[in-house]
Amino acid sequence: MSHRIQLRTVPYDHPDAVKLDDQVQLEYQERYDGEGDVTFLDPAMFAAPHGLYLLAYDATDTPVASGGWRSQDENDEGYSDGDAELKRMYVVPEARGLGLARRILAVLEEDARAAGRLRMVLETGDQQPEAIALYLSAGYTPSPKFGHYRFHTSSRCMAKPLNPSPADTTPSPAGV
């Protein structure tokens, strides 16, 4: 089915994006017995070149997954200059297991890298083991906490460098 999935760039306030955001909020409420993610998000945060918001559509043109990134720089919430923050990664239950989150993640990472961002960061929670497993398998490592939920015990923050380090780009001497 994944070859019939089409990724499209949309504004964060596109009706299909709002629909999926409403669904992920319900899932957050169920998993965390709370109100969902109350992090302030403005559609302009996801506008190029400072971000990107993607939806995945199936063969019937139904939105089945979402994800975006927004630029962050050093501030009092614990971000660093050059950060790209992953937001609203979500796959509807009936489309899980198809690799959609991994596909969206790869596109978001490449777009953030092309925009000059240095590191992709994300915040998830201890009640989302599937998300944690995905990010660990994609090269993310635990990081100091940042963002709206940085003081919550259930919060899990992760990061992944987007650009190769200078050591990775220096040619090694012949024969080494």
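Residues numbered from 1 in each chain as written. Predicted model: local features only at pLDDT ≥ 70, side-chain atom pairs only at ≥ 80, totals over all residues. Heavy atoms only, no water.

> Is there a simple way to explain the packing of aromatic side chains in this structure?
The geometry of two aromatic rings is summed up by the distance between their centres and the angle between their planes. Enumeration according to the criterion identifies five aromatic pairs in this entry. Consider the rings of Y79 and F146, whose centres lie 5.0 Å apart with planes at 50 degrees: the pair is tilted. With Y79 in the loop between strand 3 (63-72) and strand 4 (83-91) and F146 in the loop between strand 6 (141-142) and strand 7 (155-161), the pair connects residues that are 67 residues apart, well separated along the chain. Overall, Y79 belongs to the buried group, its relative accessible area being 4%. Residue classification places F146 among the buried positions, given a relative accessible area of 2%. Members of the aromatic cluster, connected to one another through ring pairs, are Y12, F46 and Y53. The ring of Y57 is capped by R8, whose NZ or CZ atom sits 3.9 Å from the centre of that ring. (Phe/Tyr/Trp six-rings, centres within 6.5 Å; stacked < 30°, edge-to-face > 60°. Helix = DSSP H or I, 4+ residues; strand = E, 2+ residues; numbered from the N terminus. Buried < 20%, exposed > 50% of the residue type's maximum accessible area, 1.4 Å probe, protein only. Lys NZ or Arg CZ within 6 Å of the ring centre and 35° of its normal.)

> Whenever I open this one, the pattern of salt bridges confuses me. Can you help?
Close approach of charged atoms allows side chains of opposite charge to pair. Within this structure, the stated rule accounts for 13 salt bridges. A salt bridge links D61 to R8; its shortest N-O distance comes to 2.3 Å. Of this pair, D61 sits in the loop between strand 2 (51-57) and strand 3 while R8 sits in strand 1 (residues 6-9), placing them 53 residues apart in sequence. Here E27 makes a salt bridge to R31, at a shortest N to O gap of 2.8 Å. With E27 and R31 both in helix 1 (residues 15-32) and four residues apart, this pair spans about one turn of that helix. (Salt bridge = Lys/Arg side-chain N within 4 Å of Asp/Glu carboxyl O.)

> What's the story with the sheet that holds strand 2 in this structure? I'm lost.
Across a sheet, strands are paired by hydrogen bonds formed along the backbone, either parallel or antiparallel in direction. Spatial ordering of the open sheet is given by 1-2-3-4-5-7-6, a layout of seven strands whose pairing is mixed. With partners counted over all chains shown, the strands left at the sheet margins are strand 1 and strand 6, one partner each. Relative to strand 7, strand 6 runs antiparallel, the two sharing two bridges. Bridged to P142 within strand 7 is M158. Strand contacts of helix 1: strand 2, strand 3, strand 4 and strand 5 (119-125), with the helix running at about 85 degrees to strand 4, the strand carrying the most contacts. (Pairing = 2+ DSSP bridges. Contact = heavy atoms within 4.5 Å. Axes fitted to C-alpha atoms, helices over the stretch in contact; angles between N-to-C directions.)

> What exactly am I supposed to notice about the side chain of Q128 here?
You can see Q128 is positioned in the loop between strand 5 and helix 3 (129-137). Residues contacting Q128, with those up to four places away along its chain left out, are Y28, R31 and Y32.

> How should the pairing of strand 2 be read in this particular structure?
Within a regular strand, side chains alternate between the sheet's two faces. Of all seven residues that make up strand 2, seven are buried, and the element is covered over most of its length. Residues G51, Y53, L55 and Y57 of strand 2 are buried on one face, and the alternating residues L52, L54 and A56, pointing to the opposite face, are buried as well. Examined bridge by bridge, strand 1 and strand 2 share four bridges and lie antiparallel to one another. Bridged to Q6 within strand 2 is Y57. Strand direction decides the pairing type here: strand 2 and strand 3, joined by seven bridges, are antiparallel.

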